[in-house]
Amino acid sequence: QSKADYLDRLNALRRYQRRQLLRIGISDFLDLFDLRAVFSQLSRMAIGISRACLSLAAEETGVSAANFTVLAMGKLGARELNYSSDIDLLFIAKQDSDNALKLAKSLIDIISKNTGEGFLYRVDMRLRPWGHDGPLVTTLEGYLRYYKQSALLWEKQAFLKARPIAGNLSFGEELRKEVEPLLFSFPAD
């Protein structure tokens, strides 16, 4: 696809988001939605847009998302997104590869890139293992090792809100099930 087609697709996603924000905002203003419904609508929109962006990233890079999952953390993971929230994401791959890294970088770029139509979301990757010093994409094995050996209590608490939102969702659920017992095991001190 040409660069112009790619930019048209990015702009179409941004226009869609603005229309949905207007719909949700008007419904909120007119008291047609309670606060829980507003959070739910905003979160569901972000999840749908993240899935569309991952599809676009897979198409753009030629890398399949079959062995890759996107976990939402924080407000998006809890489905409590507000109008100005950034989105906290984690990327997990079944095995370490340059392709998974290429896919992740493309996804972040598509979501956060500023075009003539603006940007979709600010993407926060600081909740990944070792924060900014850690790899952008972690393997399942590496993530489990991190939670067994190095995860701090606040990181375990933050994972309680983790939800797979894009890519291989069953792989994301498998990860959650594997991590869950590690969340409640702490040293006595």
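Description of the structure in this document.

Reading the values: the criteria
Residues numbered from 1 in each chain as written. Predicted model: local features only at pLDDT ≥ 70, side-chain atom pairs only at ≥ 80, totals over all residues. Heavy atoms only, no water. Core = buried A, V, L, I, M, F, W, Y, C linked by side-chain atoms within 4.5 Å. Buried < 20%, exposed > 50% of the residue type's maximum accessible area, 1.4 Å probe, protein only. Helix = DSSP H or I, 4+ residues; strand = E, 2+ residues; numbered from the N terminus. Expected span 1.5 Å × (residues − 1). Contact = heavy atoms within 4.5 Å. Pairing = 2+ DSSP bridges. Axes fitted to C-alpha atoms, helices over the stretch in contact; angles between N-to-C directions. Parallel < 35°, antiparallel > 145°, perpendicular 65-115°, else oblique. Nonpolar A, V, L, I, M, F, W, Y, C, P; charged D, E, K, R; others polar.

To continue, consider the nonpolar core. Of all hydrophobic cores here, the largest spans 41 residues; its most connected members are F68, V70, L76, L89, F91 and Y121. Among the secondary structure elements, those contributing two or more residues to this core are α1 (3–29), α2 (35–61), β1 (68–73), β2 (87–93), α4 (98–112) and β5 (163–167). Ranked by size, the runner-up nonpolar core spans 18 residues in total, among them L90, Y146, A151 and L175.

Another point: α2. The terminal C-alpha atoms of α2 lie 38 Å apart, and with 27 residues this matches the ideal 39 Å at 1.5 Å per residue to within 8%. Two residues or fewer past α2, G62 is found with a positive phi of approximately 75 degrees.

Bringing the environment of L144 into the picture now. Here L144 lies in helix α5 (residues 140–149). Taking the relative accessible area as the measure of exposure, L144 reaches 11% and is therefore buried. Each C-alpha atom of the pair L144 and E59 lies 30 Å from the other, and the pair is 85 residues apart in sequence. Look past the residues within four positions of L144 in its chain and what remains in contact with it is E178, V179 and L182.

The next point concerns the pairing of β1. Burial of β1 is extensive: 6 of the 6 residues sit out of reach of the surface. Side chains of β1 alternate between two faces, with F68, V70 and A72 and T69, L71 and M73 buried alike. Relative to β2, β1 is paired through 6 bridges, and the arrangement is antiparallel. Note on β2: the bridge partner recorded for F68 is A93. Bridge count between β1 and β5: 4 bridges; the pairing is antiparallel. From the neighbouring strand, T69 faces β5, where its bridge partner is G167.

This brings us to the environment of L21. When you line up the elements, L21 lands in helix α1. Relative accessible area serves as the criterion here: at 28%, L21 is assigned to the partly exposed category. Sequence separation between L21 and Y83 is 62 residues; the distance between their C-alpha atoms is 7.9 Å. Apart from residues no more than four positions distant in its own chain, L21 is found in contact with L42, M45 and Y83.

Turning next to the environment of F159. Take F159: it is sitting in helix α6 (residues 153–159). For F159, a relative accessible area of 4% corresponds to the buried category. The sequence separation of F159 and A72 amounts to 87 residues, and the corresponding C-alpha distance is 9.4 Å. Setting aside chain neighbours within four positions, we find F159 in contact with L71, M73, Y143, Y147, R176, V179 and L183.

Take the packing of α1 against α2 next. Where α1 meets α2, the closest approach of the two axes is 10 Å, and the angle between their N-to-C directions is 175 degrees. In terms of axis orientation, α1 runs roughly antiparallel to α2. Together, Y6, R9, L10, L13, Y16, Q17, Q20, L21, R23, I24 and D28 of α1 and V38, Q41, L42, M45, I49, A52, C53, L56, E59 and E60 of α2 make up the contact between the two elements. Its residues assigned to classes, the contact of α1 with α2 shows 13 nonpolar, 3 polar and 5 charged.

Remember that the coordinates give geometry; whether it matters functionally is a separate question.
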